[in-house]
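Residue-level structure breakdown
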Amino acid sequence: MAIVECRDVEKQFVKGRETVEVLTGINLDIEEGDFLALMGPSGSGKTTLLNLIGGLDHPTSGLIRVGGSDLNELSGRALAKWRSVHVGFIFQFYNLLPVLNAQRNVELPLLLTNLSRAQRQKNAAIALEIVGLTDRAKHKPGELSGGQQQRVAIARAIVADPKLLVCDEPTGDLDRETADEILGLLEILNRDHRKTVIVVTHDPKAAGHAKKILHMDKGKLVEEAIV
Amino acid sequence: MSYLSLLWANLFRKKTRTVLTLLSVMIAFVLFVLLQAVGEAFTGGVTIVGVDRLIVTPKYSIVDELPLSQKRQVAAIAGVNLVTQQSWFGGVYQDPKNFFPKYPVEPLEYFDMYSEFIINPAELEAFAGTRTGAVVKAGLAEQYGWKLGDIIPIQADIWPKADGSRTWEFELVGTFEEAESSRPLFLFQYQYFTESVELDRRDQVGWWTVRLSEPERAAEIAREIDSLFENSRDPTRTATEDEFSRQFASQLGDIGFITTIIMSAVFFTIVLLTGNTMAQALRERIPELAVLKTIGFTDTAVSALVLGEAIVLCVVGGLCGIAMAYLLLPGIAPVLESFAGSIDFSATTLATAIGLSVVIGIVIGIVPAMSARRLTIVDALRKN
C-alpha cells in the first residue's frame, strides 16, 4: 500500500519576471515501510519534492496524498497539525535549538500533544535510548559532536512516532564513519520500527543503504533502481 | 518542558544582551514609579486635610504677603472659629542640602488649629514663653541629633534680619509628633520673626489658616472672606488645604506635565532600544522558528512565542523596577516630603506600571511576532 502518492506534480517558482520550472510531471508511489533514496545533481528538484511530500510547501499543480491525506486540501493550521503527527524531519545541519538540552530538544514536538509532562519526558527518554544517547540527555547541542547532534535530531523526528521520516542530506555534514552510523540507524528504524524513510542525498554510498533509489534531473524523475 | 520554559530559554540565549535589556527596562520603571509617586503627592495634597479648615492666600501669587491687620477682620466673620498665620521662611541648616520647611507661627493658636500635632503641654508652654524658641518634629530632631536646649542656627535666604545678618538662632524647646505623616517641620515664634526682619517687611504673613465652626458653610465663608478684601490692596484667594497644596506645587511647574514628558521620552527610548534588540534576536533565530513550524507549531503558536518573549522581558524588567523603586523610596522620600507631603506608592501606580509593562511588551513584540508568523518554512530553512 502506497503511503505517498504523487500525481502530475508540478512546482514553479517565480523569480522576478521569470518563472522557473522546478518539478515537472512527477508521478510517484512510495510503499509503506520503504526506504527510498532520492539522488540527483544540485538543482534537480530533490529537496523541493521532499518538502512537498513533507507538507512544508504546496505544489503549483498536481496531487500529493500522504497517509491517505490530500495535502492540498489542508489549511495551514491543519497541515501543521498533520506534520506533527505523521512526519519526522531530519536535516543536514541538524537544526536543534541551541538553548535546549538534548532531552528537551527531543521533547519539543510532544508539546503539541496532550501528553502529561511525565509522559513527554518518558517518551523523549525512550527516543534518546533508541538512538543510543541516553547518557547525553542533559547536554546542549554545542556540547555534542555532529554525529551526536544528528542522533538527537533523529530522536526528535521519531518521538511522536510518525510513519514517515523525510531526511534532507542527513549525512552531508558528517565524516564517512559517522555517516554510516547514522544511515545504519535509519536502516534500523526502517526495518525494526517500520518507518518509511525518504532520504535526499548526493552520496552514492549513502544511497546504498536504501532499498530503492530514484534519480532526478531537471525536475523530473529519470531513473529508478532497486538495491 | 513547557511553553513557558521554552520561552524563558529563548529569552536567555544571549545572557548579557538580555540582562542589559532588562536593566534598561528596569531603570525606566524605577523612574516611572518614583515620578508617579511624586506626582501623586503633589497633586493629592496632604492627608491631614479637613474641610473645617480653609487657607487664605494672596490672590495672585503665594509669594506675595498679606497684612497682619486682616487677621481681626477674618476672625470677625460669622462661622470662623479661629485664625492663625504662617509664612514660608525658607533658609537652610548648615548646608543647602539640609532643607526642611520652617514656619513662623503663633504657638498656642497653631497647636490649637492643628490638633493632629501632638506636643507635650509643658513644651508648648515653653515654646509660647521663649521668644527665640523653636519646636520641631521628633523625627527631624532625631535626624540632626538635636536635644532640648540646643541652639540651632538657620541661614536665611528670603528673610535677612533688620541688621543685615542672615543667621537666625533658635533654641530648641520641644518636639512634637504627627500620626499620619513623617514630613519634617520646624516652627518658631512669629513675634520674634516679625520684630527681627526689616521694618518694611514686618507685620506681614504668608497665609491664613482659618478654622470653621460651621464646616457646612465652608464655600459661603470662603466667598465672604475673599469679597471682604476684593477691593483692597491685598485681595485674597480662599481655598481648602487640598487646593492650597496643589497651588503650592504649581509654583514649581506643572508636575503632571513634567513627569509625563520625562516618562514619554524614557519609554520612547526603551521601545526603540528593546524593539531593536528583539528584532535582532528574531533575525538570528529565523531557521529555528522554521524548525518549530516544520515539526508542527502553527504560525499563531510561533508568533505567540515571540510576542510572549517581549512581554515577559518587559514585565520582568517592570517588576524589578517596581521592587527597586520600593527599595529606593525610603532614601528619597524625606527630601521630597518637605515639598510634596507624604510620598508613597499607590495601588494605582503599581497597577499602571504593570499594565504599562505589558503594553510596552506588546508594542515591542508585535512586529517581530508578525514577521515570525509570516515566515515560510522553505524560505527560512534555505537561509540556514
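Quick look at the overall build of chain B
Within chain B, the secondary structure is distributed over 14 helices and 12 strands. Within chain B, the proportion of its 384 residues that are buried is 37%. Of all intrachain contacts in chain B linking residues separated by at least 6 positions in sequence, the fraction that spans at least 24 positions is 83%.

Quick notes on the overall build of chain A
Across its full length, chain A holds seven helices and 10 strands. If you take every contact in chain A between residues at least 6 apart in sequence, the share linking residues at least 24 apart comes to 68%.

A word on the interface of chain B and chain A
Interfaces are often sized by the accessible area lost when the parts come together. At the interface, 18 residues of chain B touch 22 residues of chain A. Secondary-structure elements contributing two or more residues to the side of chain B that touches chain A are α1 (3-11), α11 (286-294) and α14 (377-382) of chain B. No other element matches the five residues that α11 of chain B contributes to the side of chain B that touches chain A. Class assignment of the residues belonging to the side of chain B that touches chain A gives a composition of nine nonpolar, five polar and four charged.

Observations regarding the nonpolar core
The biggest cluster of nonpolar side chains holds 114 residues, and the ones touching the most others in it are L38, A155, I198 and V199 of chain A. Ranked by residues supplied to this core, first place goes to helix α2 (residues 15-44) of chain B with 12 residues. Residues V105, M113, F127 and V135 of chain B belong to the second largest nonpolar core, which totals 27 residues.

Some remarks on the sheet that holds strand β2 (residues 18-31) of chain A
Residues and elements named next belong to chain A. In spatial order, the strands read β2-β1-β4-β5; together these four strands make up an open sheet with antiparallel pairing. Only two strands of the sheet have a single partner each, and these edge strands are β2 and β5 (69-70). Bridge analysis of strand β1 (residues 2-15) against β2 gives 10 bridges, and the strand direction is antiparallel. The partner of C6 across the bridge, within β2, is L28.

As for helix α8 (residues 218-228) of chain B
All names here are of chain B. Among the residues of α8, those classed as buried are I221, A222 and I225. Take α8 and look down its axis: the buried residues cluster within an arc of 105°, on one side only. Exposed positions of α8 whose direction lies more than 90 degrees from the buried face are A219, E220, R223 and S227. The elements touched by buried residues of α8 are β1 (53-58), α3 (70-75), β3 (80-86), β11 (207-212) and β12 (236-240).

A short note on unusual backbone geometry
Residues and elements named next belong to chain A. Look at D8: it is not a glycine, yet its phi comes out positive at around 50°. If you trace the backbone, D8 turns up in strand β1. Phi is positive for N95, which is not a glycine, with a value near 55°. In this structure, N95 sits in the loop between β6 (87-90) and α3 (102-107). We classify N95 as buried; it has 23 C-beta atoms within 10 Å.

A closer look at the environment of W208 of chain B
All names here are of chain B. Residue position: W208 is located in strand β11. By C-beta crowding, W208 is classed as buried, having 23 other C-beta atoms within 10 Å. The spacing of W208 and Q86 is 122 residues in sequence and 6.5 Å in space, taken between C-alpha atoms. Excluding residues that lie within four positions of it along the chain, W208 makes contacts with V56, L66, Q70, K71, V74, V83 and Q85.

Description of the sheet that holds β1 of chain B
Residues and elements named next belong to chain B. Reading across from one edge, β3-β11-β1-β12 is the order of the four strands in this open sheet, with antiparallel pairing throughout. If you trace the sheet from one side to the other, it starts and ends with β3 and β12, each paired once. Neighbour-to-neighbour, the strand axes of the sheet open up by a mean angle of 25°, direction not taken into account. Examined bridge by bridge, β1 and β11 share four bridges and lie antiparallel to one another. Paired with L54 across the two strands is V210, which belongs to β11. Contacts between α8 and the sheet are confined to β1, β3, β11 and β12, with β12 contributing the most and set at about 165° to the helix.

Focus on the environment of R191 of chain A
By secondary structure assignment, the location of R191 of chain A is in helix α6 (residues 176-192). Along the sequence, R191 of chain A and G33 of chain A sit 158 residues apart, while their C-alpha atoms lie 7.7 Å from each other.

Overview of the environment of I27 of chain B
Checked against the element boundaries, I27 of chain B lands in helix α2. For I27 of chain B and I322 of chain B, which are 295 residues apart along the polypeptide, the C-alpha to C-alpha distance reads 9.3 Å.

Thoughts on the confidence of the model for chain A
Looking at chain A, the pLDDT average stands at 91 and 99% of residues meet or exceed 70. No element of chain A has a lower mean pLDDT than strand β10 (residues 220-226) of chain A, which averages 78, and none a higher one than α3 of chain A, which averages 95.

A short note on the packing of helix α5 (residues 146-158) of chain A against α6 of chain A
Residues and elements named next belong to chain A. At a minimum axis separation of 10 Å, α5 and α6 run at an interaxial angle of 15°. Regarding the angle of α5 to α6, the classification is roughly parallel. For the element pair α5 and α6, the recorded crossing hand is right-handed. For the pair formed by α5 and α6, the contact residues are G146, G147, Q150, R151, I154 and I158 on the first element and T178, E181, I182, L185 and L189 on the second. Looking at the contact of α5 with α6, its residues break down into five nonpolar, four polar and two charged.

Points about the pairing of strand β6 (residues 133-137) of chain B
Residue and element names in this part refer to chain B. Within β6, five of the five residues are buried, which leaves the element mostly enclosed by the surrounding structure. As defined by bridge partners, β6 adjoins strand β8 (residues 167-178) across five bridges and the pair is classed as parallel. For G133, the partnering residue across the bridge sits in β8 and is E171. Both β6 and strand β9 (residues 186-189) contribute to a ladder of three bridges, which runs antiparallel. Bridging from a neighbouring strand, V135 pairs with L187 of β9.

As for the confidence of the model for chain B
All names here are of chain B. The predicted model of chain B averages 88 in pLDDT, with 91% of residues at 70 or higher. In the model, residues 45-50 has pLDDT below 50 throughout and makes 17 contacts with residues more than four positions away in sequence or in other chains. On the interface metric, ipTM, the complex scores 0.91, and its pTM is 0.70.

Criteria and thresholds
- Residues numbered from 1 in each chain as written.
- Chains lettered and ligands numbered in written order.
- Predicted model: local features only at pLDDT ≥ 70, side-chain atom pairs only at ≥ 80, totals over all residues.
- Helix = DSSP H or I, 4+ residues; strand = E, 2+ residues; numbered from the N terminus.
- Buried ≥ 20, exposed ≤ 12 C-beta atoms within 10 Å, placed from the backbone.
- Contact = placed C-beta atoms within 7 Å.
- Nonpolar A, V, L, I, M, F, W, Y, C, P; charged D, E, K, R; others polar.
- Core = buried A, V, L, I, M, F, W, Y, C linked by C-beta atoms within 7 Å.
- Pairing = 2+ DSSP bridges.
- Arc of directions from axis to C-beta.
- Axes fitted to C-alpha atoms, helices over the stretch in contact; angles between N-to-C directions.
- pLDDT = per-residue confidence, 0-100.
- Parallel < 35°, antiparallel > 145°, perpendicular 65-115°, else oblique.
- Left-handed = near helix turned anticlockwise from the far one by under 90°.

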